[in-house]
Amino acid sequence: MPYPAQTGLSPHQVIQPDGSQTGLFTGYFEPVLKGSFKKTARYCYPVYAPPLNLLPDVPHVTRGQVLRGALENQQLELLYVDDAVDLFFAHVQGSAAIEMDDGRIQRIGYSAKSGHPYVAIGKTLKDMGALQLPITMDSIKAWLRANPDQQEHVFASNPSFIFFKMIDGLGPIGASGEVLIPQQSLAVDDTIWPYGLDMIVETSDPINASKPFIRQMRTADTGSAIRGVIRGDIYFGSGEAAGAQAGVMNAHGKLWVLLPD
């Protein structure tokens, strides 16, 4: 047993259908952006609520269509932010804290998606020959900022687009409806695992790969790219420090589920 289980629960190791004991663990975080409720020359990138004609399981607009103005003049703008790159990664993370120009903090969270498949833009940049492995969030951001004329093309290579809603509270809300807790909340494949399940993750530390990362966590969230029996996305918290960990978290590891004795 890799971690002391709580009273009344025993760990059971999760095994892949092919008999493998390992799977992939990545990380995510809550970005902090700067924004305004009014569109200005600085705050010009909109955060959209879902369109009224959005239907479950029916593909709607692609990211490329949105970037070309497909959602304009529908009064869907919740607010505006000042950085297109940071906004794209807020879409990847599924939430963000917005430092508004009036001093308040406004959180936004996932509301719906457009129904198109998720494509990692790191793969796009690799296929373009723009980046070589290992590719991290920081290396992607650096390339995008150095090549602003190619941002829209790269963004559009991921047709998946998500819509947001306003969130009240002290932290981002997972798909489970719970506030996410740093290094305690785990995003999993929700077609396999229910929310509220206690698990033990054994993988490598994102900053020091020689150091083990072993945590008891709770299933609280999911994501388009989180698919598989042993596949987890670890929530690292809010802001730059959390982003530095989440951006490089990409390691194989093992998983235990805690079940009643």
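All of the points below concern the structure found in this document.

Analysis parameters
- Residues numbered from 1 in each chain as written.
- Predicted model: local features only at pLDDT ≥ 70, side-chain atom pairs only at ≥ 80, totals over all residues.
- Heavy atoms only, no water.
- Helix = DSSP H or I, 4+ residues; strand = E, 2+ residues; numbered from the N terminus.
- Rg over C-alpha atoms; globule rule 2.2 N^0.38 Å.
- Contact = heavy atoms within 4.5 Å.
- Lys, Arg positive; Asp, Glu negative; His and termini not counted.
- Charge placed at Lys NZ, Arg CZ, Asp CG, Glu CD.
- Buried < 20%, exposed > 50% of the residue type's maximum accessible area, 1.4 Å probe, protein only.
- Polar contact = N/O pair within 3.5 Å; in protein donor to acceptor, adjacent residues only side chain to side chain.
- Phe/Tyr/Trp six-rings, centres within 6.5 Å; stacked < 30°, edge-to-face > 60°.
- Lys NZ or Arg CZ within 6 Å of the ring centre and 35° of its normal.
- 1 Å grid on protein atoms, 1.4 Å probe; cavity = no way out; pocket = protein on both sides within 12 Å on 5 of 7 lines; lining within 4 Å.
- Points joined across faces, edges and corners; volume = space filled by probe spheres on them.
- Pairing = 2+ DSSP bridges.

This part covers the overall build of the chain. A count of helices and strands for the chain gives six helices and 13 strands. The C-alpha atoms of the chain give 19 Å as radius of gyration, which agrees with the globular expectation for 261 residues (18 Å, within 12%). For the chain, the proportion of contacts with a sequence separation of at least 24, taken over those separated by at least 6, is 79%. Put simply, the chain has 20 plus and 26 minus side-chain charges, and the middle of one group is 2 Å from the middle of the other.

Attention now moves to helix 2 (residues 84–93). With respect to burial, helix 2 is a largely interior element, nine of its 10 residues being buried. Three or more residues of helix 2 are buried, namely A84, V85, D86, L87, F88, F89, A90, H91 and Q93. N-cap assignment for helix 2: the residue whose side-chain oxygen lies 2.9 Å from the backbone N of V85 is D83. Where helix 2 ends, the next residue or the one after it, G94, has phi of about 90°, a positive value.

What follows is about the packing of aromatic side chains. Any pair of aromatic rings gets described here by the distance separating the centres and the angle formed by the planes. The tally for this structure, following the rule as stated, stands at six aromatic pairs. Judged by centre distance (5.5 Å) and plane angle (85°), the rings of F88 and F89 are edge-to-face. Take F88: its relative accessible area is 5%, and that puts it in the buried class. The exposure class assigned to F89 is buried, which follows from its relative accessible area of 6%. A cation sits over an aromatic face here: K141 above F89, 5.5 Å from the ring centre. Seen from the ring of F213, R215 lies directly overhead, with NZ or CZ sitting 4.3 Å from the centre.

Size it by volume and the second largest pocket reaches roughly 490 Å³. If you trace the second largest pocket, you find 22 residues lining it, with C44, Y45, P46, V66 and L67 closest to the centre. Within the residue set of the lining of the second largest pocket, elements represented by two or more residues are strand 4 (45–48), helix 1 (63–67), strand 5 (77–81), helix 2 and helix 5 (151–156). Among the elements that take part in the lining of the second largest pocket, helix 2 stands out by supplying four residues, more than any other.

Between L133 and the following residue, P134, the backbone shows a cis peptide bond with an omega angle of -5°. Tracing the backbone shows P134 in the loop between helix 3 (121–127) and helix 4 (137–146). Even without glycine at this site, N73 takes up a positive phi of about 65°. Within the fold, N73 resides in the loop between helix 1 and strand 5.

Right, let's talk about the side chain of N158 for a bit. Among the secondary structure elements, N158 is positioned in the loop between helix 5 and strand 8 (162–167). Engagement of the side chain of N158 in a polar contact is seen with the backbone nitrogen of V119, the distance being 2.9 Å. For N158, the residues in contact, after removing those within four places along its chain, are R63, F88, P117, Y118, V119 and I121.

It is worth spelling out the pairing of strand 5 at this point. Looking at chain direction, strand 3 (residues 32–36) and strand 5 are connected through two bridges and run antiparallel. In the sheet register, S36 faces strand 5, and the bridge partner there is Y80. Relative to strand 5, strand 4 runs antiparallel, the two being bridged by four bridges. Looking at the pairing, P46 lines up with Y80 of strand 5.

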